Amino acid sequence: MKKYQGSYFSYFLMYMFYYLSMALFSGLISIYLMDKGYKASDVSLVVSCSFILSMITQPFIGNLCDRYDKKKVNGILLAIAGVFGVLFVLVDNIYLIALIYNIVLAILNGVNPIIERMATVSKHKYGLIRIWGTIGYASGTQVSGLIYRYISPEAMYLFFVLGMVLCSIGIFGTQDARAIEKTSGEKTSMKDVLFNKKLIFYLIIVCIFYGITNVNSLYLPAMYHHSGLTVSQATTVIFIGTMMELPVILLSRFYMNTIGNKQLLMLSFILLVFQFMTYAFIPNVVIQIIMTILTKSVATMAFIMINMKVVATIVDGAHQMSALSIVSTFKSFSSILFQAIAGYLIDLYSYQFFYVFLFVCAIIGLVLCILYKIPSGNEHRLFD
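Residues numbered from 1 in each chain as written. Predicted model: local features only at pLDDT ≥ 70, side-chain atom pairs only at ≥ 80, totals over all residues. Heavy atoms only, no water.

1. Considerations on the overall build of the protein
Piece 1. Counting secondary structure elements, the protein contains 17 helices and 0 strands.
Piece 2. Taking 2.2 N^0.38 as the reference for a compact globule, 384 residues should give roughly 21 Å; the C-alpha atoms of the protein span a radius of gyration of 20 Å, in line with that estimate.
Piece 3. Principal-axis analysis of the C-alpha atoms gives the protein an extent of 55 × 50 × 35 Å.
Piece 4. A total of 384 residues make up the protein; the buried ones form 55% of that total. (Helix = DSSP H or I, 4+ residues; strand = E, 2+ residues; numbered from the N terminus. Rg over C-alpha atoms; globule rule 2.2 N^0.38 Å. Buried < 20%, exposed > 50% of the residue type's maximum accessible area, 1.4 Å probe, protein only.)

2. What to know about helix α17 (residues 351–371)
Piece 1. Its 21 residues give α17 an end-to-end C-alpha distance of 30 Å, which sits within 8% of 30 Å, the value for a rise of 1.5 Å per residue.
Piece 2. Here α17 has its buried residues at Y351, F354, Y355, L358, F359, C361, A362, G365, L366, L368 and C369.
Piece 3. Those residues of α17 that are buried lie in contact with α10 (197–226), α14 (261–281) and α16 (320–348). (Expected span 1.5 Å × (residues − 1). Contact = heavy atoms within 4.5 Å.)

3. Considerations on the pattern of salt bridges
Piece 1. Here the structure, examined in full by the defined rule, presents 1 salt bridge.
Piece 2. We note a salt bridge from K36 to D92, for which the minimum N-O separation is 3.1 Å. Of the two residues, K36 sits in the loop between α2 (29–35) and α3 (40–67) while D92 sits in the loop between α4 (70–88) and α5 (94–120), which places them 56 residues apart along the sequence.
Piece 3. On the basis of relative accessible area, K36 is assigned to the partly exposed category, the value being 31%.
Piece 4. For D92, a relative accessible area of 52% gives the class exposed. (Salt bridge = Lys/Arg side-chain N within 4 Å of Asp/Glu carboxyl O.)

4. Some points on the nonpolar core
In summary, soluble globular proteins display a tendency toward joint burial of nonpolar side chains.
Piece 1. Core analysis: the biggest nonpolar cluster contains 121 residues, and F88, F160, Y202, I212, F276, M305 and Y355 have the highest contact counts within it.
Piece 2. Those residues in contact with M305 that lie beyond four places of it in its chain are Y126, V248, I249, S252, Y255, M256 and F383. (Core = buried A, V, L, I, M, F, W, Y, C linked by side-chain atoms within 4.5 Å.)

5. Here we look at the packing of aromatic side chains
Piece 1. The tally for this structure, following the rule as stated, stands at 23 aromatic pairs.
Piece 2. Seen in terms of ring centroids, F201 and Y372 are 5.1 Å apart; in terms of plane orientation they differ by 10°. Their pairing is stacked. Note that F201 is positioned in helix α10 and Y372 in the segment after α17, a separation of 171 residues in sequence.
Piece 3. For F201, a relative accessible area of 27% corresponds to the partly exposed category.
Piece 4. Seen from their ring centres, F281 and F359 are 5.6 Å apart, and the 90° between their planes marks the pair as edge-to-face. Linking F281 in helix α14 with F359 in helix α17, this pair joins segments that are 78 residues apart in sequence.
Piece 5. Relative accessible area serves as the criterion here: at 17%, F359 is assigned to the buried category.
Piece 6. Put simply, the rings of F25, F88, Y101, Y157 and F160 pair up and form one aromatic cluster. (Phe/Tyr/Trp six-rings, centres within 6.5 Å; stacked < 30°, edge-to-face > 60°.)

6. So, the layout of surface pockets
Piece 1. Within this model, the second largest pocket holds a volume of roughly 180 Å³.
Piece 2. If you trace the second largest pocket, you find 13 residues lining it, with M223, S227, Y279, P283 and Q288 closest to the centre.
Piece 3. Put simply, the parts of the chain that give the lining of the second largest pocket at least two residues each are α10, α14, α15 (285–314) and α17.
Piece 4. In terms of residue count, α17 provides more of the lining of the second largest pocket than any other element does, 3 residues in total. (1 Å grid on protein atoms, 1.4 Å probe; cavity = no way out; pocket = protein on both sides within 12 Å on 5 of 7 lines; lining within 4 Å. Points joined across faces, edges and corners; volume = space filled by probe spheres on them.)

So this is what it looks like as structure tokens:
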């Protein structure tokens with residue numbers, strides 16, 4: 001047992017099965033519900049409500065993790081998610097389905113920033129841990145399709161429960177970094193965190209980044225399908241792009257610890273500017289595919305790591321879980337707002353006009369990053 005505590009295998013279990021389970025539970029939700037006879041509007045109701053509940057629960061989960069043992073808090077939360085995973089296959093009423101789906105997604109979204117933080121303070125290299133998240137989600141996407149087709153749609157959610165169990169086993173084996181976080185930085189009150197000017201400015205940047213990247217992820221396959229690609233071809237492009245996260249993660253220690261926060265934020269938005277400019281102004285599918293593979297997942301994966309570095313720089317160690325959860329709350333808020341705008345633009349105008357809008361938003365985000373006054377944060381060295 002002592003050999004398992006803090007072992008690389010425990011982090012493998014935590015990351016691999018957290019992301020695999022996330023893909024199993026949410027990856028095919030639209031197909032699952034529509035095959036049960038529900039309309040697309042019912043699917044939208046279920047999915048959009050999950051962001052609202054996540055906004056409410058994420059700060060609460062982050063505060064619990066700051067006050068109590070992270071491993072116990074997250075273990076209990078994942079156990080609750082597993083129980084609701086079983087209930088999910090037993091209900092047929094759309095409102096009960098929405099309620100249970102929202103509870104599970106709120107828990108998974110609330111646990112996510114804590115899991116990311118646990119990896120950065122472990123004795124193992126962050127990149128060698130985080131790769132299992134990418135592999136897990138990609139594997140979960142493929143496995144869910146196989147289970148759905150060859151076993152049954154309901155079986156996906158039973159395998160999700162198994163994934164929650166394995167993830168919990170991994171969490172309880174991770175290194176206890178509570179003492180490290182408590183002593184890092186100058187201690188402040190939660191009120192000081194909420195009124196931290198650098199955090200407030202950063203939350204605006206977060207809203208723009210996650211708002212435009214989340215709606216892009218939602219509508220990009222549809223845009224490719226509209227351009228003439230088959231569904232399988234479009235998903236293959238997304239899959240290849242997702243695997244581009246691996247070099248970004250594995251090489252993180254070479255750039256995350258040496259390039260300052262401001263420059264990293266600017267680089268992430270520059271990637272978005274080029275990506276959306278291509279979709280909006282270059283109607284060549286081959287060029288668009290190349291740009292998707294080179295920039296889409298690279299920018300979003302890099303921002304996950306940048307987010308942890310920025311929060312470690314501007315918030316004291318005792319409140320970083322709460323701060324990360326606040327960031328996740330604003331991520332959910334921006335997703336709701338931008339989804340409403342995106343659907344309106346696509347329905348009334350076109351995908352091209354939609355991507356012109358995202359291009360303009362990316363330019364605004366880049367300007368805000370240029371104006372943002374923040375220390376480099378290189379002294380934290382989270383990614384060694």
